[in-house]
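One letter stands for each residue in the lines below.
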Amino acid sequence: MQDKQSILSAIILSAILTIVVIVLLTVCGELDAGFKGWLTKTFSHHWIGKSIISTLVFLVSVPVFYVLNLKKISTAVLVWILVAIANLSFGVLLAFFFLETYF
Amino acid sequence: MTNTLLFFLVAHIFLGTLGIIFLIAYLLSIFKKEADFKWLKINSFLALLSFIASWITGGYYYTSYYGKSVKPVILKGEFSWVHSVLMETKEHVFLFLPFLTLTLFAVTYFTHQDLKKDKKLTLATAGLCFTAVSAALAIMLMGIVISGAVGK
């Protein structure tokens, strides 16, 4: 059960990190044309680049967080942090594209 | 648009809707007095598969057709903000969904005994499911508005 708790904590923390990375990749891509161009050139489309990078971040961070063994934080608290980050990230992206369009 | 692209677009919408249905089924089941954890696992797993398949099919349509043929039409029209605000938000928020549903499945799979007893965990898991289903519904509504903005 302890091991399951460690795996689960690693998955939840990786999901949090991945969502933050998606937001950063998106905002940086819009603010820096060179970075968006690099994503397009490397992955054929910037969105494919963001999809691949986010998947890689998740896959790499799960074993890293597992080794760090952060099972002391309760699962319920981690899930609520993920919920807060996901909702906040949605709001940040919507606000960012609104501001980029009108200001 | 070719028949292949049309198939991918329809598959993207169908699979995304299926994912929403599985998540709503999960949300309705988790608060039952005698929640069936076998079905919670199945619903969360099928939602994950639906969103991954919707990601791939929608991604193919978006990267091979939308940018070249649909986006310029919307940008020339009266509702160009529909692309620059809604589509841009939709295409990036969509990337959250597979990770949110994977986490939902993992929580259900690894904690099903605790999920029965621990009310705090049940509430947090329901909050995660509600967030995923709300984001998916918002993405769906944005998709409807984007389709409506073509050629206006």
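Here the structure is a predicted model, which means the values were calculated and not measured.

Concerning the overall build of chain B
Okay, step 1: The number of helices and strands found in chain B is five helices and zero strands.
Okay, step 2: Element order for chain B, N to C, with α for helix and β for strand: α-α-α-α-α.
Okay, step 3: In terms of overall dimensions, chain B has C-alpha extents of about 55 × 30 × 20 Å along its principal axes.
Okay, step 4: In chain B, buried positions account for 44% of the 152 residues.
Okay, step 5: Here the contacts in chain B between residues at least 6 apart in sequence split such that 82% fall between residues at least 24 apart.

Concerning the overall build of chain A
Okay, step 1: Within chain A one finds four helices and zero strands.
Okay, step 2: Along chain A, helices and strands appear, N-terminal first, in the series α-α-α-α.
Okay, step 3: With the C-alpha coordinates aligned to their principal axes, the bounding extent of chain A is approximately 50 × 30 × 15 Å.
Okay, step 4: Looking at chain A as a whole, 39% of its 103 residues are labelled buried.
Okay, step 5: Long-range contacts, defined as pairs at least 24 residues apart, comprise 80% of the intrachain contacts of chain A with a sequence gap of at least 6.

A few points about the interface of chain B and chain A
Okay, step 1: At the interface, 28 residues of chain B touch 32 residues of chain A.
Okay, step 2: Contributing elements (two or more residues each) for the side of chain B that touches chain A: helix 2 (37-76), helix 3 (81-93), helix 4 (96-117) and helix 5 (119-149) of chain B.

Observations concerning helix 5 of chain B
Structural remark: α-helix, 3.6 residues per turn; residues separated by three or four positions point the same way.
Okay, step 1: Over its 31 residues, helix 5 of chain B extends 45 Å from the first C-alpha to the last, a length consistent with the 45 Å expected when each residue adds 1.5 Å.
Okay, step 2: Following helix 5 of chain B by one or two positions, Gly 151 of chain B adopts a phi angle in the positive range, close to 80°.

Remarks on the confidence of the model for chain B
All names here are of chain B.
Okay, step 1: When pLDDT is averaged along chain B, the result is 95; 100% of the residues meet or exceed 70.
Okay, step 2: Predicted confidence in chain B is weakest over helix 4, with a mean pLDDT of 92, and strongest over helix 3, with 98.
Okay, step 3: The ipTM assigned to the predicted complex is 0.96, against a pTM of 0.96.

Section: unusual backbone geometry
What is expected of a backbone is that most residues other than glycine have negative phi and most peptide bonds are trans.
Okay, step 1: We note that Ser 44 of chain A has phi near 80°; this positive angle belongs to a residue other than glycine.
Okay, step 2: Relative to the helices and strands, Ser 44 of chain A is located in the loop between helix 2 (33-43) and helix 3 (46-68).

Side note on the nonpolar core
Okay, step 1: Membership of the largest hydrophobic core comes to 64 residues, with the highest contact counts inside it found for Leu 82 of chain A together with Phe 96 and Ala 132 of chain B.
Okay, step 2: If you list the elements that add at least two residues to this core, you get helix 1 (2-31), helix 3 and helix 4 (75-102) of chain A together with helix 1 (3-30), helix 2, helix 3, helix 4 and helix 5 of chain B.
Okay, step 3: No other element matches helix 1 of chain A, which puts twelve residues into this core.
Okay, step 4: One finds Phe 8, Leu 9, Tyr 61 and Tyr 62 of chain B within the second-largest nonpolar core, a separate group that totals five residues.

So, how was this worked out
Residues numbered from 1 in each chain as written. Chains lettered and ligands numbered in written order. Predicted model: local features only at pLDDT ≥ 70, side-chain atom pairs only at ≥ 80, totals over all residues. Helix = DSSP H or I, 4+ residues; strand = E, 2+ residues; numbered from the N terminus. Buried ≥ 20, exposed ≤ 12 C-beta atoms within 10 Å, placed from the backbone. Contact = placed C-beta atoms within 7 Å. Expected span 1.5 Å × (residues − 1). pLDDT = per-residue confidence, 0-100. Core = buried A, V, L, I, M, F, W, Y, C linked by C-beta atoms within 7 Å.

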